[in-house]
Amino acid sequence: MKIGFIGLGIMGRAMALNLIKGGHTVTVWARRAESMRPLLEAGASGAANATDAARGNELVISMVADAPDVAEVMRCVAQEATPGLVAVDMSTIAPAAARRIGIDLAAAGVDFIDAPVSGGEVGAIAGTLSIMAGGSESAFARAKPAFECMGRNIVHVGASGAGQVAKAANQIVTGMGVLAVAEAFAFAAKNGVDRGKVRE
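Residues numbered from 1 in each chain as written. Predicted model: local features only at pLDDT ≥ 70, side-chain atom pairs only at ≥ 80, totals over all residues. Heavy atoms only, no water.

Asks: Pulling in residues and values, what's your account of the overall build of the chain?
Replies: Within the chain one finds nine helices and nine strands. C-alpha atoms of the chain, sized along the principal axes, occupy 65 × 35 × 25 Å. A total of 200 residues make up the chain; the buried ones form 44% of that total. Across the chain, the fraction of contacts at a sequence separation of at least 24, relative to all contacts at a separation of at least 6, is 60%. Across the chain, the centroid of the 18 positively charged side chains sits 4 Å from that of the 18 negatively charged ones. (Helix = DSSP H or I, 4+ residues; strand = E, 2+ residues; numbered from the N terminus. Buried < 20%, exposed > 50% of the residue type's maximum accessible area, 1.4 Å probe, protein only. Contact = heavy atoms within 4.5 Å. Lys, Arg positive; Asp, Glu negative; His and termini not counted. Charge placed at Lys NZ, Arg CZ, Asp CG, Glu CD.)

Below you can see the structure in the form of structure tokens.
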């Protein structure tokens, strides 16, 4: 599959490398040229900008910092959209933002999937991320071969925005775990017990 990948930070770089290892033809773009270098050395082509990263590709993936960045990238992608293009954002943003971006892209003839991930840098490198996808069944089916290079637990949650809802639910559960550990350590300390020993 011909894939454009935009955003080559800690997560994006590893994810794009796994797409190359999976045999896909990958074009990359990042704001910092030095971020592209390891991917170019691994066999990717370099794009001049986000619009160029979409040109001639079947799938475009973004992994950027926040909702305004996603919206900006996707506006650029829409300018170069060819019939049948699927755009995937794997960043973590608000569900409402993902839905708005999906509506805007649909108006430009682009099928959008929000597909945030869980698993951190270790999972990105190993290709074992959990991927929570929101969008149409047909777009998910077309993106799935790429997802399979980057993740192990891949779930189509529902319509546009559903992936971000699942990620938010995941963050709630994670946050409660952190809170429980903090309470346990506070309890140990208040009772005169070494928290380090309790952790062991």
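Asks: Could you give an account of the pairing of strand β1 (residues 2-6), with specific residues and numbers?
Replies: By the criterion of burial, β1 is predominantly enclosed, with four of the five residues buried. As defined by bridge partners, β1 adjoins strand β2 (residues 25-29) across five bridges and the pair is classed as parallel. Paired with Phe5 across the two strands is Val28, which belongs to β2. Handedness of the β1-helix α1 (residues 10-21)-β2 crossover: right-handed. Where β1 lies against strand β4 (residues 59-62), four bridges are found, and the strand directions are parallel. (Pairing = 2+ DSSP bridges. Right-handed = clockwise from strand over helix to strand, strands pointing away.)

Asks: Got a sec to walk through the pattern of salt bridges? Specific residues and values, please.
Replies: Using the criterion set out here, one finds five salt bridges in the structure. When the shortest N-O distance is used, the salt bridge between Arg32 and Glu34 registers 3.1 Å. (Salt bridge = Lys/Arg side-chain N within 4 Å of Asp/Glu carboxyl O.)

Asks: Go over the pairing of strand β6 (residues 111-114), please, and point to the residues and values.
Replies: Note: strand β5 (residues 86-89) against β6, four bridges, orientation parallel. When the bridges of β6 are listed, Val86 appears paired with Asp111. The β-α-β motif built from β5, the intervening helix α5 (residues 95-107) and the parallel element β6 has right-handed crossover chirality.

Asks: Any chance you could break down the side chain of His24 for me, citing the residues and the numbers?
Replies: When you line up the elements, His24 lands in the loop between α1 and β2. Within the local environment of His24, its side chain forms a polar contact with the backbone nitrogen of Met1, the two atoms lying 3.3 Å apart. Setting aside chain neighbours within four positions, we find His24 in contact with Met1, Ile3, Leu19, Pro145, Ala146 and Cys149. (Polar contact = N/O pair within 3.5 Å; in protein donor to acceptor, adjacent residues only side chain to side chain.)

Asks: Can you lay out the packing of aromatic side chains for me, pointing to particular residues and giving the numbers?
Replies: Scanning all chains against the criterion turns up one aromatic pair. Between Phe140 and Phe147 the ring centres are 6.1 Å apart and the planes differ by 45 degrees, which places this aromatic pair in the tilted class. The buried category is assigned to Phe140, whose relative accessible area is 9%. (Phe/Tyr/Trp six-rings, centres within 6.5 Å; stacked < 30°, edge-to-face > 60°.)

Asks: Explain helix α7 (residues 137-150) to me, using residue names and the numbers behind them.
Replies: The end-to-end C-alpha distance of α7 is 19 Å, a good match for the 20 Å that 14 residues give at a rise of 1.5 Å each. Along α7, the sharpest change in direction is near 50 degrees and occurs at Lys144; proline Pro145 comes one to four residues later. Every buried residue of α7 is accounted for by Ala139, Phe140, Ala143, Ala146, Phe147, Cys149 and Met150. (Expected span 1.5 Å × (residues − 1). Bend = angle between axes of the 7 residues up to and from the residue.)

Asks: Residues and numbers for the nonpolar core, please.
Replies: In terms of nonpolar packing, the biggest core is built from 58 residues, with Phe5, Met15, Ile61, Val88, Met90, Ile113 and Phe147 touching the most fellow members. Tallying contributions element by element places α7 first for this core, with seven residues. Contacts of Phe147, omitting those with residues within four sequence positions, involve Val88, Met90, Ile113, Ala115, Ile131, Ala133, Phe140 and Ile154. (Core = buried A, V, L, I, M, F, W, Y, C linked by side-chain atoms within 4.5 Å.)

Asks: A description of helix α2 (residues 33-41) should follow, citing residues and the corresponding values.
Replies: Regarding α2, the residues found buried are Ser35, Met36 and Leu39. Summarising the axial view, the buried residues of α2 lie within an arc of 90 degrees, below the 170-degree limit, and thus occupy one face. Set apart from the buried face of α2 by more than 90 degrees, the exposed residues are Ala33 and Glu41. Of the surrounding elements, those touching the buried residues of α2 are α1, β2 and β3 (45-46). (Arc of directions from axis to C-beta.)

Asks: Hey, could you go over a nonpolar patch on the surface for me, with residue numbers and the actual values?
Replies: On the surface, a cluster of nonpolar side chains totalling about 320 Å² of accessible area is made up of Ile172, Met176 and Leu179. Mapped onto the elements of the fold, Met176 is located in helix α8 (residues 162-190). (Patch = residues over 30% accessible without salt bridge, like charges linked within 9 Å, V, L, I, M, F, W, Y side chains within 5 Å. Areas by Shrake-Rupley, 256 points an atom, 1.4 Å probe, with all protein chains shown as cover.)

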